[in-house]
Each structure stands twice: as C-alpha cells, then as structure tokens.
Amino acid sequence: MICDFTVNSHMITKLFSHRFARRLIPFIACACLVFPALNQGALAQATTEQTIVVTGEEVPSAYGAPPGFSRSRFSNAVNAYVLPPWSFFFGELFEGQGFRHGPPDYLFTQEIEMGLPYRFNVAAETELERFNGGGGVQTVSLEARWALADWNKIPLNPTIFAEYKFGVGTIRHEEVPPPPGGGGEEEESGPPKVPDAYEVRLLLAQDFFERVEWAMNWFFEKENTGDRGREWGFSQAAMIPVLLPAERLKVGVEMQYRNLTVKDTRGDPLNSFVIGPTVAWKPTAQTRLDISPLFGCTHDSPVADVFVAFSWLFGGERAEAEAPVSTRFRYLSMVPADYYSGKESAKEIKQVAPPPCPEWYGDREWNVNLWGTYAFTNTEFAPNPSLVDIVQSTSEGNPVVGTYDHYIGGDHAWGGGGDIKYFFCRYLGLGIEGFALDASKPGFGIFEDPTIPIFVHRRINHDHIIGSVLGTLTLRYPIPCTRLAPYAWAGVGAIFGGGERDVVHTQGPPDAFAVDAETDHFGAETKVLGQFGAGLEFRIARHFGWTNDLSFGVIDGPKNNFGMFRSGLNFAF
C-alpha cells in the first residue's frame, strides 16, 4: 500500500504517536526473560510543501492480534492464539534429537490448519519418524483450539487447545527406558504399536511495549494403552523484530520442560529441559522459516534438540478480522528530517493503486496431472528371512518373525499415475485419480520330500503391479500475485494387485530340524483405500505447472498403510 500525503507550508501535521496504552502484565514465575523498552516516537513539523510516501505491509490478522500471533505456530515448540477466519496454515517441521547414548532420532511433522469464525481453529497433523535405520508414519492427529476472547480483551489472551493422536506405526524409540526384566513379551512378538493418546494445552500470549512478543504453552498428554505414558510441562518463547520494516527477521529465546512417566516409573519421572536461541525469517509476507537449536540442561535431556520449520499462511484477506492493534506493523519511509512537529493539522491523502497482478489460476478450469511416484511402507522389511528361523518360530506359535508390510510387500515401490480434476472455483475441485506401482516381494516355498530328512524349500519372488482408482476432493489456495498454490486433497477408492502372502504350516515338535513344514500361497486381493495429503503447485505458464505433494494411504491396519511422494506436470484448460 502506498499513500501520498501533501502538506502546505501554512499547515502543521502530526505524523504519528505511540501510546503505552497496554497494561504491562508480569511474567509467569518460571519465565526468566528480560524485555527491552520501546522508545517513544517523536512528533514532527513541516515547514515547506513536500510529498511523503508511507509504505505498509498488508497481512492477515486474527481478531486484532499482531500478525506474529496469527500463524498457528508462534515458534517451533510454541503455539499461540488462533488463525484469522477462513485462512489456512501449512507447515513442515523437522526435529532432530541427539542423545548421550544411542543413535539420533529424527521426526518429520506435516500439519495443515484452518481458521473458523468465532475464534475456532481445526487442524490435522501427520508425524513420521526415522530412527536407527527404520522409519515410517507414527501418528495421525486431529486438533482443535478456541480463543476465549478477541485480542487484548483478556490478559494473556488464553486459548484452549485439544488434540487426539491415532497411533498408526510401531514404537521405534522408547523415551523412558523399560524397567529391569520388563518388556520381554513385547520383544517376542515384535515392536509394540504406537498407542492412541490425547493432549490438552493452555496457550498464553502477549505483546509487550508493542515491541516484544511472548507466548507460553502448558500441556498434559496421556496414552490410552501400552505403557500408559503421561507427560506434562511447558514451553515458551520470546521474540524481538530485528528488521522492523515488515518484520522480516526476528530473534529470541525458546525453552521447553517435559516431565514424563510410564505406569512402571510414576515415582521416578524423566525430567528434560532444553533452551536455546530461535530465529524467524520471512522470505515473503505469507511464508516463514524458523530455526531453533536447543540444548539440554538436565541428565535426562537430549544433548541437542534442533527444530527447523517452514510454513505458509494463506487466505483470510477478506476475513472478518480487525486490523492489527500494534502500530509497529505500519512503518514510514522517505520522510524528510525537517518534517517533525508537535502540532496537528489537516492532511490530504492520495491513494495510489498498485498495478494489477497476472492471474495464473482460473476460477473455473480443468486440470490434467501426470506424475511419477515413490511409495514407502509403514513397517520395516527383511528380504529373504531365514527359513529355519521362520519354521521354528511357527512351530513355537509365532507365525511371523518381525514386522512386514502385508499389501505392497516390500519397504518401497516406484510407479506413476495421473488425475483429472475440475475446479468449480479457484479454491475447490473434484476429480478422479489412478496410479500403478511396480512392487516386488521376496518369498519362499516349503514342501515335504520323503527322501530328504528335514524339508525342501525354494526361493520365489513375487513381482506384481499394484493399481488404484480413487475419487478425490481438492482444496487449493493460489497465493495472490505469485505462481504458487498450496493445496490439500483427500480421496477414497479401491486398490488391487497386492496382498500376496505365504503362510507356513508345521506339524511336530517345536524344532526346525524335526518338524514337518509346508507353505500355502495366497494371491492378490482388492481392498478399500483412503488417501489424503498436501502439496504445492508452481505455475510455469498460465496453462502449465509443476506439482509436488506428500500423502498417506490407509488400507487395512498399520501393516498395510503406506506413504507416497508424487512429482509431476499439470496441464490447465
């Protein structure tokens, strides 16, 4: 926005003034942060006629909150307040934990959140883990939050947060070491499943002196099954803008405390406290990159806990949200030094309209998308397992050794596909999608032979094509004046061609060298498939774009689910 202010030499204009109208609210006892004060702006006087250009950034604001509190995530480990109505927040978060003993743990979180009227938000989140050579989707979460009042109507702007986590993977890294002599039964049947859990939080946030932004979360989480872990604690962060115009760069400090116990360690909790600097950089008004290297301060803490997050905030330009309360979100440029005055006068305001932006996405259009894909399963896979171990495990009552994917058959597969969508408006489209995967699964065959004292076996390889057809619903938001359009989609349909498996039958004592064994082979089967994901499109030209997205497919239980990365070309008509 650019405005021209023309002031005559016989008129006196007051440019702006700041007031300390907001109450200074003391920090909660555990916060140890010192906040600087903000210098008062000076008053100005114009002695000659001249032109002043005022430049400001238009950003979504939630119910009068500054833009820094209108992004769902205030920092990497802290949430604050709510989104503006009908705006969307999409984030990719990486967390890497380095421990004093053992390999590091890597977590990848993908989240999308939507602002609703009356200070409500809803969100969905997927978490993937990579630990000690294995990896896969761990949890899928549904979230909701509600702010008790508009910004600054209640001190600290309290917001209620609730989340339910669905465990869909296997536990790869135990946060609390098992008690001596415990966990034997779980190891015999393979890694235990991630339990469902619920979490509640109290979100607090405030800006001080129109300069310092602060947010704090108190949280409590409890697992419903398994070792029934309980976790409570707090996280907080304070940030100050370094590049004040458009607030492109902020620096601050961030910390997190966690108290964690399981059913066998209620009297001996794990206490973890990490603290370190945090930096937030905004390449554009809608995107932000956050980096927080936090360092452990207790024996139970990781040596380092590093967060990196990239997020988009889009939509909400026409939302019913107030303008930001803080005046620091509008700044001046090209102001003559002799303009300052202490008196008021009338002023003439001239609005300068910006040039129109090119339209890269149509209100109604057909999209034909062709893409290649890489699918990865939710469980580890050991190719060519030992047949002797399988026979002995089966004779002892454990028909499967380890955890294996039951539908695709291996730990990954390559393929391709395409989809056709029609967008009724630029934000909503319906379509149909199909893909094919080249899957391969090592197997075995065991059969009796009277001339051989133990058993005869042969290696076989199940090479098969897995296909799927789905109906889809796509939500997208073309970011104004850019070629980018983040999107989220979900679909339901059928998947076929997978599910081949070998079942071992044994007769005799639990001894691989004395038992009679043979296998039955079961062919492919058709299943119902549900799939959802999110991605980003870049329009190279008006009718030609490049798409990339990540999705999660649900077939029938965690041993069949899979993730899928797609990259392809989109043709718009």
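Residues numbered from 1 in each chain as written. Predicted model: local features only at pLDDT ≥ 70, side-chain atom pairs only at ≥ 80, totals over all residues. Heavy atoms only, no water.

Asker: Explain the overall build of the protein chain here, please?
Answerer: The helix and strand inventory of the protein chain stands at two helices and 26 strands. For the protein chain, the proportion of its 573 residues judged to be buried stands at 47%. For the protein chain, contacts bridging at least 24 residues in sequence account for 67% of all contacts bridging at least 6. (Helix = DSSP H or I, 4+ residues; strand = E, 2+ residues; numbered from the N terminus. Buried < 20%, exposed > 50% of the residue type's maximum accessible area, 1.4 Å probe, protein only. Contact = heavy atoms within 4.5 Å.)

Asker: Help me out: how do you make sense of the pattern of salt bridges in this one?
Answerer: Pairs can form between side chains of opposite charge whenever their charged atoms are close. Across all of its chains, the model carries 19 salt bridges by this definition. The closest approach of N and O atoms between Asp363 and Arg426, which form a salt bridge, is 2.8 Å. Linking Asp363 in the loop between strand E16 (348-352) and strand E17 (365-377) with Arg426 in the loop between strand E18 (412-425) and strand E19 (428-447), this pair joins segments that are 63 residues apart in sequence. Among the residues examined, Asp363 registers a relative accessible area of 44% and is labelled partly exposed. For Glu365, the salt bridge identified is with Arg542, shortest N-O distance 3.4 Å. Within this pair, whereas Glu365 is found in strand E17, its partner Arg542 is found in the loop between strand E24 (525-541) and strand E25 (544-554), the two being separated by 177 residues in sequence. Glu365 gets classed as buried once you look at its relative accessible area, which sits at 1%. Where salt bridges share partners, they join Glu163, Lys165, Glu199, Arg201 and Glu221 into one cluster. (Salt bridge = Lys/Arg side-chain N within 4 Å of Asp/Glu carboxyl O.)

Asker: In this structure, what is going on with a nonpolar patch on the surface? I would like to understand it.
Answerer: A cluster of nonpolar side chains, namely Tyr118, Phe120, Trp146, Leu148, Ile154, Ile160, Tyr198, Val200, Leu202, Trp218, Phe220 and Trp232, defines an oily patch on the protein surface of about 1100 Å² accessible area. Looking at the nonpolar patch, the elements that each hand over two or more residues are strand E8 (197-208) and strand E9 (212-223). Considering every element that reaches the nonpolar patch, the biggest residue donor is E8, with three residues. Looking at where Trp232 falls in the secondary structure, it is placed in strand E10 (residues 230-243). A residue is classified by how much of its surface remains accessible, and Trp232, at 39% relative accessible area, is partly exposed. (Patch = residues over 30% accessible without salt bridge, like charges linked within 9 Å, V, L, I, M, F, W, Y side chains within 5 Å. Areas by Shrake-Rupley, 256 points an atom, 1.4 Å probe, with all protein chains shown as cover.)

Asker: Can you walk me through the sheet that holds E8 in this structure?
Answerer: By definition, the strands of a sheet pair up through backbone hydrogen bonds, in either a parallel or an antiparallel sense. Strand order in this closed barrel of 12 strands is E3-E4-E5-E6-E7-E8-E9-E10-E11-E12-E13-E14, and the pairing throughout is antiparallel. Each strand of the sheet is rotated relative to its neighbour by a mean of 20 degrees, with strand direction disregarded. Across 12 bridges, strand E5 (residues 120-131) lies against strand E6 (residues 134-147) in antiparallel orientation. Note on E6: the bridge partner recorded for Glu125 is Ser141. (Pairing = 2+ DSSP bridges. Axes fitted to C-alpha atoms, helices over the stretch in contact; angles between N-to-C directions.)

Asker: Would you explain the packing of aromatic side chains in this entry?
Answerer: Given two aromatic rings, their pairing is described by the distance between the two centres and the angle made by the two planes. Under the criterion given, the structure shown has 20 aromatic pairs. Relative to Phe74, the ring of Phe69 has its centre 5.3 Å away and its plane inclined at 15 degrees; by these criteria the two rings are stacked. Of the two residues examined, Phe69 and Phe74, each falls in the buried class. Aromatic side chains Phe120 and Trp146 sit 5.9 Å apart centroid to centroid with 25 degrees between the ring planes, which places their arrangement in the stacked category. Taken together, the residues span a long stretch of sequence, with Phe120 in strand E5 and Trp146 in strand E6 at a distance of 26 residues. The class for Trp146 is partly exposed, based on a relative accessible area of 32%. An aromatic cluster is built from Phe69, Phe74, Tyr81 and Trp151, whose rings are joined through pairwise contacts. Of note, Arg201 hangs over the ring of Phe161, and the distance from its end group to the ring centre comes to 4.2 Å. When the ring centre of Trp371 is taken as origin, the NZ or CZ atom of Arg566, which lies over that ring, is 4.4 Å away. (Phe/Tyr/Trp six-rings, centres within 6.5 Å; stacked < 30°, edge-to-face > 60°. Lys NZ or Arg CZ within 6 Å of the ring centre and 35° of its normal.)

Asker: Can you help me understand the nonpolar core in this one?
Answerer: In terms of nonpolar packing, the biggest core is built from 16 residues, with Phe69, Phe74, Ala80, Tyr81, Trp151, Ala205 and Ala215 touching the most fellow members. With sequence-adjacent residues up to four places away left out, Ala205 is seen in contact with Phe69, Ala80, Trp151, Leu156, Asn157, Trp214 and Ala215. Formed by 15 residues, the second largest nonpolar core is a distinct cluster that contains Ala375, Tyr407, Ile408 and Ile495. (Core = buried A, V, L, I, M, F, W, Y, C linked by side-chain atoms within 4.5 Å.)

Asker: It is not clear to me how the confidence of the model for the protein chain should be interpreted in this structure. Could you clarify?
Answerer: Low pLDDT means the predicted atomic positions in that stretch should not be read closely. Summarising the model, the protein chain shows a mean pLDDT of 76, and 67% of its residues fall at 70 or more. Contacts for the low-pLDDT stretch residues 1-59, under 50 throughout, to residues beyond four places or in other chains number 163 contacts. (pLDDT = per-residue confidence, 0-100.)

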